[in-house]
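The chain contents come next:
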Amino acid sequence: MIPVAQPASGTAAVPAIEVRALCKTFGSNEVLKGIDFHVDQGEVVCVIGPSGSGKSTLLRCVNRLEEPTSGTVMVEGVDITDEETDLDGIRTRIGMVFQQFNLFPHLSVLKNLTLAQQRAKKRGKAKATQIALRNLEKVGLSEKAEAFPAQLSGGQQQRVAIARALSMDPDMMLFDEPTSALDPELVGDVLEVMKQLAREGMTMMVVTHEMGFAREVGDRVVFMDGGVVVEQGKPEDVLGNPQHERTRLFLSKVL
Amino acid sequence: MKRSTRRRLTQGVLYAAFAAVVLFVILAADWGKIQSNFFDLDVAVATFPEIVSIAAKNTVVYTAIAFVGGLLIGLLMALMKLSPVLPYRWLATAYIELFRGLPALLVIFGFAYAVPIAFQWRPPGGNAGAGLIALIIVSSAYIAETIRAGIEAVPKGQVEAARSLGMNPAWTMITVVLPQAFRIITPPLTNELVILIKDTSLLFIAGMAIGDRELTTFARDALTSQANATPLVVAALLYLVITLPLTQLVAKLERHNKRGR
C-alpha cells in the first residue's frame, strides 16, 4: 500500500500555518492591515466575514497566489515569502479548492487528478492513476473518471476539485468559499466531503459563508472585517455569543 | 402616397434597375470572345496534369511549410511578448510590429534579391526557398498576436489552479494554458491558413525554377505562352478547391465554439 499522507516536516508544536503582521495592498486599497493568524496541525479553522473583508486574500497569501506586501507567512515552519524557499514544493503540500472549481476543462476527470501528480510530484502514471481513483472514490465520483468537467454538475465539479487537491497528499487544505458558486441543493454533497476530511484529521482553513458548517465542524471561527481579525474563538462563542458589535451586526444579517 | 405603396414602388424601381443591368451585360458582352479566351477547353486540358501535379502540389507544400514555420516562430514570439524579461518583450514587440507593418511582397523581394546581393548568401531552396523564409516571417508576426490573444483569453483561475498544485510555470503553460489557448484560436488560425494559401501566390515575384512554380506562377506562364486566359481560370478553380473546404471548416468551428460557451 501507498502511505496515505506524507509525514509533516515539522513537529506537532509547529503550527501548520502561521501568519504574522500580514499586510496586503492592491494599489491604494489596503486589503489586509496587519493580520496575525494561525492554524494548528489537525485544526479546522473557519474564516467568516462580509465580502471585501480580506478573508479570501488572507487565504491566497498562504500559498502565495497573492504576494504579501509585508509580514511573514510560515507554512510548517518554513517562510514562504523567502526567495530561497521551494515554492512549488511547498504548494504540493497545500491543497487548494477554489470558489469557481477551476478544473481543467480540456482534460478528463482522471487526467485532472493525475496531471500535477506526474508533473509536480514526478509520480509514475500507474501510481498517479491509482491514487486518483482512490480519491475519486472518496468523494463518491468513481464512475466519472472518464467524464469531462463540462459534463458534471457544479457540486460534482467541486468534489472533483477536492479530489484533485487530495491526490497530491497535502498536509493541509485551503478552501476559498467552496460552496458559494453552487446551487443550494448541491451544497450538501460538497460539505459532506469536507466534514469527512475534517473527521479524518485534515488540517483545514475554510473561508465560508456556511455558518452551519462552521458551527458543526470548525474547531475555531475567525471573524474578519475591514482587513483585520475582529474576534476569534470556539464556534459556539463567536457565533452564539459574539463580543464585538461588528460581529453581531454581521451575524444578524447572515443567520 | 400610402406608406405601403411607396415601399412597393421603391422595390419595383430596384428590380427594374437590376433587370436593366443584366440585360445590358447579356446583350453587350461578346460571348464568343469570352468563351474562347477564358474557357477554352483545349487550353484547359493542356494545363493538366502539371497544374495539379506540380503547381497545386507546390501551393499546398509551400502553405504547409509557411504555416508550420509561422506557428513555431509565432509561438516563440508570443511567449517572448508575455515574458517577464523586459528585453524579450521589446524584441518580440519590435519583430511583430515590423513584419505586420511591411508588405509581404517587400519582404519577399528582400530575401530573394537583397539578401543574396548584400551577403553573397543564397537561402536553401533557391528563390522559392528565399520567398518561403519571407512568408514564414510575415505569417509568424500575425500568428504571434493571435496566439498571445489566445493565451490571455485562458481564465486566470486555470493558471492559479495549476500553480497551487505545485506545477512550475513551464509545465503550467504546456499542459494547461496552451491546449486551451489553441482551442480558442482555432478559427482565427484557420483564417490565417486560408490567407497564407493565397499569399503563396506572392512567391511568383521571387522568380522560380520550372519545378518550383506554384499555381499563380504556373498559370501566368501558361497565359503568356498560350496567349489565352483559360489557365488563370483553371488556377482560380483549383484555389477554390483548396480554400472553400477550409473556410467552411472555419464557419463550422465558429458555430461550435459559440455553442460551447
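Residues numbered from 1 in each chain as written. Chains lettered and ligands numbered in written order. Predicted model: local features only at pLDDT ≥ 70, side-chain atom pairs only at ≥ 80, totals over all residues. Heavy atoms only, no water.

Novice: Any chance you could break down the overall build of chain B for me, citing the residues and the numbers?
Specialist: Summing up its helical and strand segments, chain B has 12 helices and 0 strands in all. Each helix and strand of chain B, ordered N terminal to C terminal, gives the series α-α-α-α-α-α-α-α-α-α-α-α. For chain B, whose C-alpha radius of gyration is 25 Å, the value lies well above the compact-globule estimate of 18 Å for 261 residues. Residues classed as buried in chain B amount to 40% of the 261 residues present. In chain B, the proportion of contacts linking residues at least 24 apart, taken out of those at least 6 apart, comes to 74%. Carbon and sulfur atoms make up 71% of the accessible area of chain B, which totals about 14,700 Å². Averaging the locations of the 23 positively and 14 negatively charged side chains of chain B gives two centres separated by 15 Å. (Helix = DSSP H or I, 4+ residues; strand = E, 2+ residues; numbered from the N terminus. Rg over C-alpha atoms; globule rule 2.2 N^0.38 Å. Buried < 20%, exposed > 50% of the residue type's maximum accessible area, 1.4 Å probe, protein only. Contact = heavy atoms within 4.5 Å. Areas by Shrake-Rupley, 256 points an atom, 1.4 Å probe, with all protein chains shown as cover. Lys, Arg positive; Asp, Glu negative; His and termini not counted. Charge placed at Lys NZ, Arg CZ, Asp CG, Glu CD.)

Novice: Go over the UniProt feature "transmembrane region" (unreviewed entry) in chain B, please, and point to the residues and values.
Specialist: Residues and elements named next belong to chain B. The UniProt record annotates "transmembrane region" (unreviewed entry) at residues 12–31, 60–80, 101–119, 125–144 and 231–251. Here residues 12–31 is 90% helix and 0% strand, with 29 Å between the C-alpha atoms at its ends. Summarising residues 101–119: 89% helix, 0% strand, and an end-to-end C-alpha distance of 24 Å. (UniProt positions renumbered as here; feature names shortened; annotations may be inferred.)

Novice: Pulling in residues and values, what's your account of the packing of aromatic side chains?
Specialist: Residue and element names in this part refer to chain A. The full count for this structure, using the stated rule, is 3 aromatic pairs over all chains. Ring centres of Phe 223 and Phe 250 lie 5.3 Å apart, and the angle between their planes is 40 degrees; this geometry places the pair in the tilted category. Of this pair, Phe 223 sits in strand β9 (residues 220–225) while Phe 250 sits in helix α9 (residues 245–254), and the two are 27 residues apart along the sequence. Phe 250 shares its class with Phe 223; the two are buried. Between the NZ or CZ atom of Lys 24 and the centre of the ring of Phe 26, over which it lies, the distance is 4.9 Å. Taking NZ or CZ as reference, Arg 164 lies 4.5 Å from the ring centre of Phe 104, over its face. (Phe/Tyr/Trp six-rings, centres within 6.5 Å; stacked < 30°, edge-to-face > 60°. Lys NZ or Arg CZ within 6 Å of the ring centre and 35° of its normal.)

Novice: Please provide a residue-by-residue account of the packing of helix α7 (residues 126–153) of chain B against helix α9 (residues 169–184) of chain B, values included.
Specialist: Residue and element names in this part refer to chain B. Axis separation between α7 and α9 bottoms out at 8 Å; the angle between their running directions is 115 degrees. Viewed along their axes, α7 and α9 adopt a mutual orientation that is roughly perpendicular. Relative to α9, α7 is oriented so that their crossing is right-handed. Together, Ile 147, Gly 150, Ile 151 and Ala 153 of α7 and Met 173, Val 177, Leu 178, Ala 181, Phe 182 and Ile 184 of α9 make up the contact between the two elements. Residues of the contact of α7 with α9, tallied by class, amount to 9 nonpolar, 1 polar and no charged. (Axes fitted to C-alpha atoms, helices over the stretch in contact; angles between N-to-C directions. Parallel < 35°, antiparallel > 145°, perpendicular 65-115°, else oblique. Left-handed = near helix turned anticlockwise from the far one by under 90°. Nonpolar A, V, L, I, M, F, W, Y, C, P; charged D, E, K, R; others polar.)

Novice: Any chance you could break down the sheet that holds strand β6 (residues 94–97) of chain A for me, citing the residues and the numbers?
Specialist: All names here are of chain A. Taken together, 6 strands build an open sheet; the order of strands is β6-β7-β8-β3-β9-β10 and the sheet is mixed. The strands lining the two open edges of the sheet, one partner per strand, are β6 and β10 (228–233). Across the sheet, the axes of successive neighbouring strands diverge by a mean angle of 15 degrees, strand direction being ignored. Alignment of strand β3 (residues 44–48) against β9, held across 4 bridges, turns out to be parallel. Among the inter-strand pairings, Val 45 is bridged to a residue of β9, identified as Arg 220. Packing against the sheet, helix α5 (residues 154–166) makes contact with β6 and β7 (172–176), and its axis sits at approximately 170 degrees to β6. (Pairing = 2+ DSSP bridges.)

Novice: So what about helix α1 (residues 55–62) of chain A? Which residues, and what values?
Specialist: Residues and elements named next belong to chain A. Burial analysis of α1 places 7 of its 8 residues in the buried class, the great majority of the element. Buried within α1 are the following residues: Lys 55, Thr 57, Leu 58, Leu 59, Arg 60, Cys 61 and Val 62. Arg 64 occupies a position one or two residues after α1 and carries a positive phi of about 60 degrees.

Novice: An account of the side chain of B:Thr217 is needed here, citing residue identities and associated values.
Specialist: All names here are of chain B. Here Thr 217 lies in helix α11 (residues 215–226). Relative accessible area serves as the criterion here: at 4%, Thr 217 is assigned to the buried category. When near neighbours in sequence (up to four residues on either side) are disregarded, Thr 217 contacts Phe 204 and Met 208.

Novice: Any chance you could break down the pairing of β6(A) for me, citing the residues and the numbers?
Specialist: All names here are of chain A. Alternating positions in β6 separate into two faces, Ile 94 and Met 96 on one and Gly 95 and Val 97 on the other, with burial throughout. Here β6 pairs with β7 via 4 bridges, running parallel. Bridge assignment links Met 96 to a residue of β7, and that residue is Leu 174.

Novice: A description of the packing of helix α3 (residues 109–120) of chain A against helix α4 (residues 125–138) of chain A should follow, citing residues and the corresponding values.
Specialist: All names here are of chain A. Packing of α3 against α4 brings their axes to within 9 Å, and their N-to-C directions diverge by 130 degrees. Taken together, the axes of α3 and α4 are oblique relative to one another. Judged by the twist between their axes, the crossing of α3 over α4 is right-handed. Between α3 and α4, the residues in contact are Val 109, Leu 110, Leu 113, Thr 114, Gln 117 and Gln 118 and Lys 125, Lys 127, Ala 128, Thr 129, Ile 131, Ala 132, Leu 133 and Leu 136, respectively. Here the residues of the contact of α3 with α4 are counted per class, giving 8 nonpolar, 4 polar and 2 charged.

Novice: Describe the interface of chain A and chain B, naming the residues involved and giving the relevant values.
Specialist: Across the contact, 22 residues belong to chain A and 19 residues belong to chain B. Between chain A and chain B, a total of about 1,700 Å² is buried, with carbon and sulfur atoms accounting for 61% of that surface. Our count for the chain A to chain B interface comes out at 2 salt bridges. Residue A:Arg60 is joined to B:Glu160 by a salt bridge in which the shortest nitrogen-to-oxygen separation is 2.6 Å. Along the contact surface separating chain A from chain B lie 5 residue pairs in polar contact (both at pLDDT 80 or more). Looking at which element gives the most residues to the side of chain A that touches chain B, the answer is α3(A), with 4 residues. When the residues that make up the side of chain A that touches chain B are grouped by side-chain class, the tally is 12 nonpolar, 4 polar and 6 charged. (Buried area = accessible area lost by both parts, 1.4 Å probe. Salt bridge = Lys/Arg side-chain N within 4 Å of Asp/Glu carboxyl O. Polar contact = N/O pair within 3.5 Å; in protein donor to acceptor, adjacent residues only side chain to side chain.)

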